[in-house]
Amino acid sequence: MASQPMFVLPGDRIDPSLIPSHPKKALRLGPGLQHAPPNDIIPTLAGRLVTDHQKNAIRIETATGRYVPRVGELVIGTVQRSAAESFFVTLSDYTAPALLPHLSFESATKKTRPQLAPGSLVYARVTMANKHMDAELECVHPSTGKSEGLGPLTGGMVYDISLGFARRLMMSKGGIVVLDEMESVGLQFETATGRNGKFWVNSENTKTVIAVGRAITESDTQSLGAEEQRKLVRKRLKEMS
Amino acid sequence: MPRDAEPSLSERTFVTKALNEGLRVDNRKFDQCRPVSLTFGDEFGVVDVSFGKTRVLARTSAEVTVPYADRPFDGVFTITSELSPMVAPSIEPNRPTETEVLLSRLLEKTVRRSGALDTESLCLVAGQKCWSVRVDLHVLNHDGNILDAACLAVIASLRHFKRPETTLDGEVLTVYTPAEREPVPLSWLHSPFCVTFSFYGEEGDIVLMDPTWLEEQLRVSSCTFSLNRHGEICQVSKLGGSAVDAPLFIQCAQTALSKSKEYTDLLERQLADDAKSRDKGGLMAELTAENDR
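Conventions used here
Residues numbered from 1 in each chain as written. Chains lettered and ligands numbered in written order. Predicted model: local features only at pLDDT ≥ 70, side-chain atom pairs only at ≥ 80, totals over all residues. Heavy atoms only, no water. Helix = DSSP H or I, 4+ residues; strand = E, 2+ residues; numbered from the N terminus. Buried < 20%, exposed > 50% of the residue type's maximum accessible area, 1.4 Å probe, protein only. Contact = heavy atoms within 4.5 Å. Areas by Shrake-Rupley, 256 points an atom, 1.4 Å probe, with all protein chains shown as cover. Lys, Arg positive; Asp, Glu negative; His and termini not counted. Charge placed at Lys NZ, Arg CZ, Asp CG, Glu CD. 1 Å grid on protein atoms, 1.4 Å probe; cavity = no way out; pocket = protein on both sides within 12 Å on 5 of 7 lines; lining within 4 Å. Points joined across faces, edges and corners; volume = space filled by probe spheres on them. Nonpolar A, V, L, I, M, F, W, Y, C, P; charged D, E, K, R; others polar. UniProt positions renumbered as here; feature names shortened; annotations may be inferred. Pairing = 2+ DSSP bridges. Buried area = accessible area lost by both parts, 1.4 Å probe. Salt bridge = Lys/Arg side-chain N within 4 Å of Asp/Glu carboxyl O. Polar contact = N/O pair within 3.5 Å; in protein donor to acceptor, adjacent residues only side chain to side chain. Axes fitted to C-alpha atoms, helices over the stretch in contact; angles between N-to-C directions. Domains from an automatic or database assignment.

Asker: If you had to explain the overall build of chain A to someone new, which residues and values would you point to?
Answerer: Of regular secondary structure, chain A possesses 4 helices and 15 strands. For the C-alpha atoms alone, the extent of chain A along its principal axes is close to 55 × 50 × 35 Å. Each of the 241 residues in chain A was classed as buried or not, and the buried ones make up 44%. Long-range contacts, defined here as pairs at least 24 residues apart, represent 61% of the contacts in chain A between residues at least 6 apart. Accessible surface, chain A as shown: approximately 13500 Å² in total, 51% of it carbon and sulfur. In chain A, 29 side chains carry a positive charge and 24 a negative one; their mean positions are 2 Å apart.

Asker: Describe empty space enclosed by the protein, listing the residues and the values that go with them.
Answerer: All names here are of chain B. As enumerated under the stated definition, the model contains 1 cavity of 30 Å³ or more in all. Looking at the largest cavity, its volume works out to about 30 Å³. Every residue along the wall of the largest cavity is listed here: Cys33, Asn145, Asp148, Val195, Thr196, Met209, Asp210, Lys259 and Tyr263. Going through the elements one at a time, strand S11 (193–200) and helix H5 (246–278) are the ones with two or more residues in the lining of the largest cavity. Its residues placed into classes, the lining of the largest cavity shows 4 nonpolar, 2 polar and 3 charged.

Asker: Give me the lowdown on the UniProt feature "domain: K Homology" (unreviewed entry) in chain A, citing residues and values where you can.
Answerer: With numbering aligned to this structure, UniProt lists the feature "domain: K Homology" (unreviewed entry) at residues 156–206 of chain A. Secondary structure content for residues 156–206 of chain A is 31% helix and 27% strand, while the C-alpha to C-alpha distance between its ends is 9 Å.

Asker: Help me get a handle on the pairing of strand S14 (residues 233–237) of chain B, residues and values and all.
Answerer: Residues and elements named next belong to chain B. As defined by bridge partners, strand S13 (residues 221–227) adjoins S14 across 4 bridges and the pair is classed as antiparallel. Bridge pairing in S14 links Leu227 to Ile233. If you look at the hairpin formed by S13 and S14, you'll find 5 residues sitting between the two strands, and Gly231 has a positive phi there, around 85°.

Asker: Let's hear about the UniProt feature "domain: Exoribonuclease phosphorolytic" (unreviewed entry) in chain B: which residues, and what values?
Answerer: Residue and element names in this part refer to chain B. According to UniProt, the feature "domain: Exoribonuclease phosphorolytic" (unreviewed entry) maps to residues 32–164 and 191–258 in the numbering used here. This span, residues 32–164, is 23% helix and 37% strand, and a straight line between its end C-alpha atoms measures 41 Å. Secondary structure content for residues 191–258 is 28% helix and 35% strand, and the end C-alpha separation is 14 Å.

Asker: Tell me about the interface of chain A and chain B, residues and numbers included.
Answerer: Between chain A and chain B, the residue contacts involve 22 residues of the former and 21 residues of the latter. With both chains or domains summed, chain A and chain B bury close to 1700 Å², and 66% of this area falls on carbon and sulfur atoms. Ranking the residues of chain A by area buried against chain B places Tyr94, Met157 and Thr206 of chain A at the top, with a combined share of 39%. For the interface between chain A and chain B, the tally reads 0 salt bridges. The tally of links from chain A across to chain B stands at 4 residue pairs in polar contact (both at pLDDT 80 or more).

Asker: I'd like a description of the sheet that holds strand S13 (residues 157–160) of chain A, backed by residues and values.
Answerer: All names here are of chain A. Ordered by their spatial adjacency, 3 strands build an open sheet running S13-S15-S14, and the pairing between neighbours is antiparallel. Edge positions in the sheet fall to S13 and strand S14 (190–194), since each has one partner strand and no second. The sheet shows a mean angle of 20° between the axes of neighbouring strands, direction not considered. For S13 and strand S15 (residues 198–202), the ladder comprises 4 bridges, and the chain directions are antiparallel. In the sheet register, Met157 faces S15, and the bridge partner there is Val201.

Asker: Provide a residue-level description of the pairing of S14 of chain A, including the pertinent values.
Answerer: Strand residues, when the strand is regular, have side chains that alternate between the two faces of the sheet. In this sheet, S15 of chain A lies alongside S14 of chain A in antiparallel orientation, the contact comprising 5 bridges. By the bridge assignment, Thr191 of chain A is partnered in S15 of chain A with Val201 of chain A.

Asker: Could you give an account of the domain arrangement of chain A, with specific residues and numbers?
Answerer: For interface size, the figure often reported is the accessible area lost on association. All names here are of chain A. Along its sequence, chain A is carved into domain 1 (6–61), domain 2 (74–153) and domain 3 (157–240). The distance between the C-alpha centroids of domain 2 and domain 3 comes to 25 Å. Counting residues at the interface gives 7 residues for domain 2 and 9 residues for domain 3. For the pair domain 2 and domain 3, the two sides together bury roughly 750 Å², of which 65% comes from carbon and sulfur. In terms of surface lost to domain 3, no three residues of domain 2 exceed Leu74, Ile76 and Leu153, which account for 54% of the buried area on that side. Our count for the domain 2 to domain 3 interface comes out at 0 salt bridges. For the pair domain 2 and domain 3, the interface holds 4 residue pairs in polar contact (both at pLDDT 80 or more). Those elements that provide at least two residues to the side of domain 2 that touches domain 3 are strand S7 (74–82) and strand S10 (121–128). The element contributing the most residues to the side of domain 2 that touches domain 3 is S7, with 3 residues. Looking at the side of domain 2 that touches domain 3 residue by residue, the classes come out as 7 nonpolar, no polar and no charged.

Asker: With reference to specific residues and values, describe helix H1 (residues 163–170) of chain A.
Answerer: Think of an α-helix as 3.6 residues a turn; residues three or four steps apart then line up on the same face. The complete set of buried residues in H1 of chain A reads Leu163, Gly164, Phe165, Ala166 and Leu169 of chain A. If you follow the buried residues of H1 of chain A, they end up packed against helix H2 (178–184), S14, S15 and helix H3 (206–221) of chain A.

Asker: Quick rundown of the side chain of Glu73 of chain A? Include the residues and the values.
Answerer: Residues and elements named next belong to chain A. Mapping Glu73 onto the fold places it in the loop between strand S6 (57–61) and S7. Here the side chain of Glu73 touches Arg195 through a polar contact of 3.4 Å, side chain to side chain. Setting aside anything within four residues of it in sequence, one finds Glu73 in contact with Tyr67, Val68, Ala124, Arg125, Val126 and Arg195.

Asker: For the sheet that holds S13 of chain B, give the residues involved together with the corresponding values.
Answerer: Residues and elements named next belong to chain B. Sheet architecture is open: 4 strands sit in the order S12-S11-S13-S14, paired in antiparallel fashion. Each end of this open sheet is capped by a strand with a single partner; those strands are strand S12 (206–209) and S14. The sheet shows a mean angle of 20° between the axes of neighbouring strands, taken without regard to direction. Where S11 lies against S12, 4 bridges are found, and the strand directions are antiparallel. Following the sheet pairing, Phe199 is matched in S12 by Val207. Packing of helix H3 (residues 146–160) onto the sheet brings it into contact with S11 and S13, and relative to S11 it is tilted by some 175°. Packing of H5 onto the sheet brings it into contact with S11, S12, S13 and S14, and relative to S11 it is tilted by some 140°.

Here it is, written out as structure tokens:
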């Protein structure tokens, strides 16, 4: 594992010592890197260079950008309209809608289709993501037939966050302590994070929703560290009472 | 064809619910505005105004042209407002949306028709030569309340702008460069500002100031007052939407007046600061070749 974060700019030369070498596995280049034959690797994005020695992979992490669906990612989408066999779901603004079949819900049959009004939110997994086709989603695990937390999100409020922050929120070691801090002082709320840069939060108390949403969006826009996040949470709590 | 982003059902219900409880999503008070920043560029007449995430850039320029035949003693004054696809991909160039048309119409009414700029002072030779002053307005980011931001930017830009000094000697008109003669500010009569109110709730009895884009999409109606700090109203527009009680309307007008005074103070302060930072201590200090040793 890389010991300290290494930042690169597009066109930078990457030090060969940073590129992982594995005796058997082929080197895998993640997003933001390009192979220039014969043996140069050039960054195409500005961001943090992350190497994974076990997988023999190297990639660049950025916080910005437009969401591009990838198979297996969890996303929060807005139902645009219902067609004959599927819902059209928007994952991000001004992009082509993704398809969510009526039958990809828990215990959905042809007779008992889920009724979702235009504008409702769904938490779904991407099942198909092709460059030249609309993405497809599902709200049920295909083998168990259980929803496993996926499905329509009712009530609550959805906030826009950056893609990098959404990814960090979903990782256990993402360095985001806002939610844990808020929970530890006894606030009750439920959240869902979509990889497409959406954060949903619901609670009985409107003030809690606003406090959580603001703390999350502020930690994102001001890119706060763990200690600053704790301070921010304390400030928000003081405002609430 | 890119689709305009619309708020989801959850956002609609939540914002309405929170407003009924007296809360806003960004925890502001109902009559609290986002922090306003107003900065001037290096050139005269370049102004960058931002209300929170909303950002507007205005630039004033002047050139010598022929006056209109029916108004030989007046200069030409135009305001060009543009919403580019940078604001949102749903905006197409050269196809004005409703927002854009309303924006330019309201600016026209507020600034041009209220006689804020003395166009007669722009005349150089009656019927032959006059200054044409043009304000270009660019909306860089739209997060609600662009009208107020745009109006502030236009007024600030015109107040900050200085046109080249001219002299008329017999039939010879001379336009001096800034190095030859100090440029002169435009002849300004009064500074009107737009203040917009948004109404929410079934009877339209919840009044918000400076709404964000999300709040703006959910309002039941809105009204805009344009007035200067003396309380002289240039225009009031309430274009459709649900009806609003008359006493509430009057109350809004009072708030608009205090807001207009605030904008005036802000602008005066920033103009004074800018003038101070540009002043190098007179022409002698500016032209001296002496260095500090």
